[in-house]
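One letter stands for each residue in the lines below.
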Amino acid sequence: MAEFVVQQHDASTLHYDLRIEVDGVLRSWAVPRGPSTDPAERRLAVEVEDHSKRWGRFEGRIRSGYGKGAVIVWDRGTYESLEDRPIAEALADGHAKVWFEGSKLHGGWLLHRWAEGSKPKWFLRTLDDEEADTDRDLVAGLPASVVSGRRIDEL
Ligand code: MN
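To keep things clear, this report deals only with the structure shown in the data block. (Residues numbered from 1 in each chain as written. Predicted model: local features only at pLDDT ≥ 70, side-chain atom pairs only at ≥ 80, totals over all residues. Heavy atoms only, no water.)

In this section: the pairing of strand E2 (residues 14–22). Burial analysis of E2 places eight of its nine residues in the buried class, which makes it a mostly covered element. Bridging between strand E1 (residues 2–10) and E2 involves seven bridges; their strand directions are antiparallel. Pairing of Gln 7 across the sheet is with Asp 17, part of E2. Remark: three residues form the turn of the hairpin made by E1 and E2, two consecutive strands paired antiparallel. (Buried < 20%, exposed > 50% of the residue type's maximum accessible area, 1.4 Å probe, protein only. Helix = DSSP H or I, 4+ residues; strand = E, 2+ residues; numbered from the N terminus. Pairing = 2+ DSSP bridges.)

Structure follows, in structure tokens:
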């Protein structure tokens, strides 16, 4: 089973790093506003460089350099591709549906690329399935690390 993780990262700007395991590495997107359970909400997700699976377990402070700041594991779990072809192919075409089973995120999500470039722009949107919920605010309502129970301002 492939893993996913969402790390909250208080760098130059606060954002959420969504990472999904594809072929042994973590494909990664920076999501400024984090995921929403409202299927009407398209959250900007800027594709960034792949990270190691080991990095996906990191929680703490990056002391200097790129990304300096606090990181918590905001959510993690496993995911299944909802595509009928390898997920890497779907991502290469800029459109991939996945099913997350995390502590906070459950259900189907779509990653859709809408702009190319050195940092391609995607959006992240939950699918309108039984887990969708227009009334919840996951990011505000569930701020704590699923590993340590700490909030990012407590690191
Ligand atoms: Mn980051």
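So much for the structure itself; the text now carries on.
Further remarks concern the nonpolar core. The biggest cluster of nonpolar side chains holds 24 residues, and the ones touching the most others in it are Leu 18, Ile 20, Trp 29 and Phe 100. Not counting residues up to four positions away in its chain, the partners in contact with Trp 29 are Tyr 16, Asp 17, Leu 18, Ile 20, Ala 45, Val 46, Glu 47, Val 48, Leu 91, Leu 111 and Trp 122. (Core = buried A, V, L, I, M, F, W, Y, C linked by side-chain atoms within 4.5 Å. Contact = heavy atoms within 4.5 Å.)

So, about the coordination of the manganese ion. The protein atoms that coordinate the manganese ion are His 9 (ND1), His 15 (NE2) and Asp 17 (OD), at distances of 2.2 to 2.3 Å. Read from N- to C-terminus, the donor residues coordinating the manganese ion fall into the pattern H-x5-H-x1-D. You can call His 15 buried: its relative accessible area is 12%. (Donors = N, O, S within 2.8 Å, 3.2 Å for Na, K, Ca; no water.)

Positioned with a positive phi, Asp 23 is a non-glycine residue whose angle comes to about 50°. Among the secondary structure elements, Asp 23 is positioned in the loop between E2 and strand E3 (25–31).

The subject of this paragraph is the packing of aromatic side chains. This model, assessed by the stated rule, comprises six aromatic pairs. Judged by centre distance (4.6 Å) and plane angle (15°), the ring pair of Trp 55 and Phe 58 falls under stacked. Trp 55 gets classed as partly exposed once you look at its relative accessible area, which sits at 27%. These aromatic residues form a ring-pair network of at least three members: Phe 4, Tyr 79, Phe 100 and Trp 109. (Phe/Tyr/Trp six-rings, centres within 6.5 Å; stacked < 30°, edge-to-face > 60°.)

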